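# Commentary on secondary and tertiary structure
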Amino acid sequence: MLRKEPTMSILKHFPLACEPYAHQREVLLSLEQGMAAPEERKFLVVRAPTGAGKSAIAMALARSVVSRGGSVHILASHKFLQEQYTSEYGNLGLKSLWGRANYSCPTGERIKGKPWDCSKCLADREPSSRSRSEYIRKKCTSTGAPYDGNLCPYVVAKKEAVDSRITLNN
(Lines give C-alpha, C1' and ligand atoms only; values in the text may rest on other atoms or scores of the structure.)
Protein backbone atom coordinates (compact mmCIF):
# COMPACT_ATOMS: atom_id res chain seq x y z
CA MET A 1 0.00 0.00 0.00
CA LEU A 2 1.37 3.41 -0.95
CA ARG A 3 1.40 5.89 1.85
CA LYS A 4 1.17 9.60 1.34
CA GLU A 5 3.53 12.14 2.88
CA PRO A 6 2.67 13.09 6.47
CA THR A 7 0.14 15.89 6.66
CA MET A 8 1.04 17.16 10.14
CA SER A 9 4.61 17.79 8.99
CA ILE A 10 6.07 15.58 11.67
CA LEU A 11 9.13 15.20 9.45
CA LYS A 12 10.01 18.88 9.81
CA HIS A 13 10.57 18.21 13.53
CA PHE A 14 13.23 15.57 12.92
CA PRO A 15 15.97 16.60 15.39
CA LEU A 16 19.06 15.72 13.39
CA ALA A 17 20.73 17.90 10.78
CA CYS A 18 20.00 15.35 8.07
CA GLU A 19 17.05 13.68 6.44
CA PRO A 20 15.62 10.64 8.25
CA TYR A 21 16.37 7.23 6.79
CA ALA A 22 13.61 5.52 4.85
CA HIS A 23 12.70 3.26 7.79
CA GLN A 24 12.53 6.28 10.10
CA ARG A 25 10.25 8.11 7.65
CA GLU A 26 7.97 5.06 7.57
CA VAL A 27 7.79 4.93 11.37
CA LEU A 28 7.11 8.68 11.61
CA LEU A 29 4.36 8.37 9.03
CA SER A 30 2.79 5.48 10.94
CA LEU A 31 2.96 7.45 14.17
CA GLU A 32 1.38 10.44 12.52
CA GLN A 33 -1.44 8.32 11.17
CA GLY A 34 -1.94 6.80 14.62
CA MET A 35 -2.10 10.26 16.18
CA ALA A 36 -4.71 11.30 13.61
CA ALA A 37 -7.18 8.82 15.13
CA PRO A 38 -6.79 9.27 18.93
CA GLU A 39 -10.20 7.72 19.61
CA GLU A 40 -8.95 4.45 18.10
CA ARG A 41 -5.54 4.31 19.77
CA LYS A 42 -4.60 5.23 23.29
CA PHE A 43 -0.95 4.20 23.01
CA LEU A 44 1.57 4.17 20.19
CA VAL A 45 4.54 1.83 20.60
CA VAL A 46 7.70 1.74 18.51
CA ARG A 47 9.69 -1.47 18.63
CA ALA A 48 12.89 -1.42 16.60
CA PRO A 49 16.42 -2.82 16.89
CA THR A 50 19.39 -1.06 18.46
CA GLY A 51 20.72 1.62 16.14
CA ALA A 52 17.45 2.13 14.27
CA GLY A 53 17.16 5.73 15.48
CA LYS A 54 14.35 5.37 18.01
CA SER A 55 15.63 8.35 20.02
CA ALA A 56 15.52 10.64 16.98
CA ILE A 57 12.04 9.32 16.15
CA ALA A 58 10.89 9.98 19.73
CA MET A 59 12.27 13.52 19.65
CA ALA A 60 10.64 14.24 16.27
CA LEU A 61 7.32 13.07 17.70
CA ALA A 62 7.86 15.07 20.92
CA ARG A 63 8.72 18.25 19.04
CA SER A 64 5.69 17.78 16.80
CA VAL A 65 3.39 17.45 19.82
CA VAL A 66 4.96 20.51 21.48
CA SER A 67 4.53 22.54 18.28
CA ARG A 68 0.79 21.90 18.60
CA GLY A 69 0.65 23.05 22.22
CA GLY A 70 1.13 19.71 23.95
CA SER A 71 3.78 18.36 26.26
CA VAL A 72 5.65 15.05 26.27
CA HIS A 73 7.20 12.82 28.88
CA ILE A 74 9.85 10.38 27.61
CA LEU A 75 10.92 7.35 29.61
CA ALA A 76 14.34 5.87 28.88
CA SER A 77 14.95 2.26 29.82
CA HIS A 78 18.51 2.80 31.11
CA LYS A 79 20.62 5.59 32.59
CA PHE A 80 23.06 5.46 29.68
CA LEU A 81 20.17 6.12 27.29
CA GLN A 82 19.02 9.05 29.41
CA GLU A 83 22.57 10.42 29.24
CA GLN A 84 22.54 9.98 25.44
CA TYR A 85 19.21 11.82 25.09
CA THR A 86 20.46 14.65 27.32
CA SER A 87 23.72 14.95 25.43
CA GLU A 88 22.17 14.87 21.96
CA TYR A 89 18.88 16.70 22.50
CA GLY A 90 19.33 18.87 25.60
CA ASN A 91 19.64 21.89 23.33
CA LEU A 92 16.12 21.23 21.96
CA GLY A 93 14.31 21.99 25.21
CA LEU A 94 14.55 18.50 26.70
CA LYS A 95 14.89 18.56 30.49
CA SER A 96 16.18 15.45 32.19
CA LEU A 97 15.23 14.50 35.74
CA TRP A 98 17.30 11.86 37.46
CA GLY A 99 16.57 10.00 40.69
CA ARG A 100 17.36 11.86 43.90
CA ALA A 101 20.51 9.82 44.57
CA ASN A 102 22.11 11.38 41.47
CA TYR A 103 22.16 14.86 43.01
CA SER A 104 24.58 15.91 45.75
CA CYS A 105 23.06 17.74 48.68
CA PRO A 106 24.99 21.00 49.03
CA THR A 107 24.27 21.08 52.76
CA GLY A 108 25.62 17.52 53.07
CA GLU A 109 29.14 18.56 53.88
CA ARG A 110 27.78 20.33 56.96
CA ILE A 111 26.04 17.20 58.23
CA LYS A 112 28.49 15.13 60.27
CA GLY A 113 31.18 15.84 57.69
CA LYS A 114 29.88 13.13 55.34
CA PRO A 115 28.81 13.62 51.74
CA TRP A 116 25.06 13.29 51.31
CA ASP A 117 22.93 12.91 48.25
CA CYS A 118 19.36 14.11 47.87
CA SER A 119 17.95 10.63 48.52
CA LYS A 120 18.94 11.16 52.16
CA CYS A 121 17.33 14.59 52.36
CA LEU A 122 16.85 15.55 55.99
CA ALA A 123 13.70 17.45 55.04
CA ASP A 124 12.05 14.05 54.48
CA ARG A 125 12.28 13.44 58.22
CA GLU A 126 9.87 16.28 58.84
CA PRO A 127 6.40 15.13 59.97
CA SER A 128 4.34 17.10 57.42
CA SER A 129 4.66 18.59 53.96
CA ARG A 130 4.39 22.05 55.50
CA SER A 131 7.29 21.47 57.88
CA ARG A 132 9.24 19.85 55.03
CA SER A 133 8.73 22.98 52.91
CA GLU A 134 9.81 25.14 55.84
CA TYR A 135 12.94 23.01 56.33
CA ILE A 136 13.83 23.35 52.65
CA ARG A 137 13.21 27.09 52.77
CA LYS A 138 15.51 27.52 55.76
CA LYS A 139 18.22 24.95 55.07
CA CYS A 140 18.34 24.34 51.32
CA THR A 141 18.55 27.88 49.99
CA SER A 142 21.42 30.29 50.07
CA THR A 143 19.32 33.26 51.14
CA GLY A 144 16.76 31.81 53.53
CA ALA A 145 14.18 33.67 51.43
CA PRO A 146 11.19 31.87 49.96
CA TYR A 147 12.60 28.90 48.12
CA ASP A 148 14.32 29.92 44.92
CA GLY A 149 16.26 26.72 44.28
CA ASN A 150 19.67 28.26 44.78
CA LEU A 151 21.16 25.31 46.56
CA CYS A 152 19.21 22.08 46.18
CA PRO A 153 20.07 20.71 42.72
CA TYR A 154 17.35 18.05 42.86
CA VAL A 155 14.57 20.56 43.56
CA VAL A 156 15.97 22.84 40.84
CA ALA A 157 16.02 19.96 38.33
CA LYS A 158 12.51 18.89 39.36
CA LYS A 159 11.18 22.42 38.84
CA GLU A 160 12.89 22.67 35.43
CA ALA A 161 11.35 19.34 34.41
CA VAL A 162 7.88 20.40 35.55
CA ASP A 163 8.22 23.68 33.63
CA SER A 164 9.51 21.98 30.48
CA ARG A 165 7.37 20.84 27.56
CA ILE A 166 9.62 17.79 27.00
CA THR A 167 10.85 15.86 30.04
CA LEU A 168 12.93 12.72 30.34
CA ASN A 169 13.26 10.14 33.11
CA ASN A 170 14.61 6.61 33.28
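Preceding block: the structure.
The present account deals with the structure reproduced in this document. Position numbers for residues count from 1 along each chain, tracking the sequence in the order it is written. Local features in a predicted model are, by the rule used here, given only for residues with pLDDT of at least 70; side-chain atom pairs are given and counted only at 80 or more, and totals for whole chains, interfaces and linings are based on all residues. The basis for the side-chain values is all heavy atoms of the structure; hydrogens and waters are excluded.

### Observations regarding the overall build of the protein
For the protein, the count of helices and strands is five helices and three strands. The helix and strand labels rest on DSSP assignments: H or I over at least four residues marks a helix, E over at least two residues marks a strand, and numbering proceeds from the N terminus. Starting at the N terminus, the α and β elements of the protein follow one another as α-α-β-α-β-α-α-β. Accessibility here uses a 1.4 Å probe with only protein chains present; expressed as a share of the type maximum, an area under 20% marks a residue as buried, one over 50% as exposed, and anything in between as partly exposed. Residues counted as buried form 36% of the 170 residues belonging to the protein. Working rule for contacts: check all heavy atoms of both residues, and any pair within 4.5 Å makes them a contact. Considering only intrachain contacts with a sequence separation of at least 6, the fraction spanning at least 24 residues in the protein is 58%. Of the roughly 11,000 Å² that the protein leaves accessible, carbon and sulfur atoms contribute 54%. Here the Shrake-Rupley method, with its probe set to 1.4 Å, supplies the accessible areas, and only the displayed protein chains count as covering residues.

### Details of helix α3 (residues 79-89)
Of the residues making up α3, those classed as buried are Gln82, Tyr85 and Tyr89. Seen from one end, α3 has its buried residues packed into an arc of 65 degrees, which puts them on one side. Exposed side of α3, more than 90 degrees from the buried face: Phe80 and Ser87 are the residues found there. The inward-facing, buried residues of α3 contact α2 (54-67), β1 (72-75), β2 (94-96) and β3 (166-169). By construction, the arc corresponds to the directions joining the helix axis to the C-beta atoms.

### Some thoughts on the sheet that holds β2
Any two strands are treated as partners once DSSP identifies two or more bridges connecting them. Here three strands make up an open sheet; going across it, the order is β1-β3-β2 and the pairing parallel. The open sheet is flanked by β1 and β2, the only strands paired with a single partner. On average, each strand axis in the sheet is tilted by 25 degrees relative to the strand beside it, whichever way the strands run. As defined by bridge partners, β1 adjoins β3 across four bridges and the pair is classed as parallel. Within the sheet, the bridge partner assigned to Ile74 lies in β3 and is Leu168. Helix axes use the C-alpha atoms of the stretch in contact, all axes being lines fitted to C-alpha atoms, and the angles between their N-to-C directions lie in the range 0 to 180 degrees.

### Regarding the side chain of Ser96
Relative to the elements of secondary structure, Ser96 occurs in strand β2. For the purposes of these results, a polar contact is taken to be a pair of N or O atoms within 3.5 Å, where, inside protein, one atom must be able to donate a hydrogen and its partner to accept one; residues adjacent in sequence count only when each atom of the pair is a side-chain atom. A polar side-chain atom of Ser96 sits 2.7 Å from a polar atom in the side chain of Gln82. Side-chain polar atoms of Ser96 contact the side chain of Thr86, separated by 3.3 Å. With residues near it in sequence (within four places) discarded, Ser96 still touches Gln82, Thr86, Tyr103 and Leu168.

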